[in-house]
Amino acid sequence: WLKVSLSSNRVVTQRLRPLLAFAAMSVQFYDAEFKENHKVKTVKDVEADKFISAFAQHLKRQGRFEIPKWADVVKTSKAKELPPSDPDWLYTRTASMVRKIYIRGGTGVGGFRKVYGGQFRRGTMTNVFCKSSGKIARYILQQLEEMGLVEQDEAGGRKITKEGQRELDTVAVQAAEVEEDDEE
């Protein structure tokens, strides 16, 4: 009864709506049950947006990460028309990149160019994928190496150091505590 022509698409959605609502509700209860009595220990235990904003604030407060002169005028990709409007965008990008290295080591400049790339709108022609700026990724990785959070991997790319893992896990625990305080 699910195979219906496109003209009667409304019938399919009416029949599936209760099933979709039930599935979303069961996932919600499962997530709540999983999070109950769950102690945050690593970066993987915290939601990405919460960790990235917390680590960006940590980097800004610490003052070890140098912001270059070109940070306020550079575009993040040739597909972009304007530079980022957020003045702290470099801290946010750094936090996102160090989280990706923590979760999956061995990522290098080329990998990050693909991750942060996007659609290049070419006017009347079709959109194509365009990589992001390599200079930004390279600069951030060099700064993270100077700070001692990442190191070069023998197999290529970068990997997290023991000190970096400790610092990121500490910030993750703090971000989870702030999140719990907001819920109460």
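Keep in mind that this is a model prediction, so the values were computed, not measured.

Colleague: Just checking my understanding: could you explain the confidence of the model for the protein for this structure?
Modeller: Detailed reading of the predicted coordinates is not advisable wherever pLDDT falls low. Averaged over every residue, the pLDDT of the protein is 86; the share at 70 or more is 79%. Element-level pLDDT for the protein is lowest in helix 1 (residues 9–35), with a mean of 62, against a maximum mean of 97 in helix 3 (residues 89–103). Taken as a whole, residues 1–6 scores under 50 in pLDDT and shows 4 contacts with residues more than four places along the chain or in a different chain.

Colleague: Even after reading the chapter, I still don't get the nonpolar core, so can you show me in this structure?
Modeller: The nonpolar side chains of a soluble globular protein tend to be buried with one another. Core analysis: the biggest nonpolar cluster contains 37 residues, and Phe51, Phe55, Leu90 and Leu168 have the highest contact counts within it. Of all elements in the fold, only helix 2 (48–62), helix 3, helix 4 (109–115), helix 5 (134–147) and helix 6 (162–183) reach the threshold of two or more residues within this core. Looking at which element gives the most residues to this core, the answer is helix 3, with 8 residues. Residues within four places of Leu168 in sequence aside, it is in contact with Val43, Phe51, Phe55, Val98, Tyr102 and Ile160.

Colleague: I'm lost on helix 5 in this one. Help?
Modeller: Across its 14 residues, helix 5 extends 20 Å between first and last C-alpha, which sits within 8% of the 20 Å expected from 1.5 Å per residue. Here helix 5 has its buried residues at Gly134, Ile136, Ala137, Tyr139, Ile140, Leu141, Gln143, Leu144 and Met147. Buried positions along helix 5 lie against helix 2, helix 3, helix 4, strand 3 (150–152) and strand 4 (158–160). Taking the backbone nitrogen of Lys135 as reference, a side-chain oxygen 3.4 Å away marks Ser133 as the first, capping residue of helix 5. Downstream of helix 5 by one or two residues, Gly148 has phi in the positive range, about 85°.

What counts and what doesn't
- Residues numbered from 1 in each chain as written.
- Predicted model: local features only at pLDDT ≥ 70, side-chain atom pairs only at ≥ 80, totals over all residues.
- Heavy atoms only, no water.
- pLDDT = per-residue confidence, 0-100.
- Helix = DSSP H or I, 4+ residues; strand = E, 2+ residues; numbered from the N terminus.
- Contact = heavy atoms within 4.5 Å.
- Core = buried A, V, L, I, M, F, W, Y, C linked by side-chain atoms within 4.5 Å.
- Buried < 20%, exposed > 50% of the residue type's maximum accessible area, 1.4 Å probe, protein only.
- Expected span 1.5 Å × (residues − 1).
- Polar contact = N/O pair within 3.5 Å; in protein donor to acceptor, adjacent residues only side chain to side chain.

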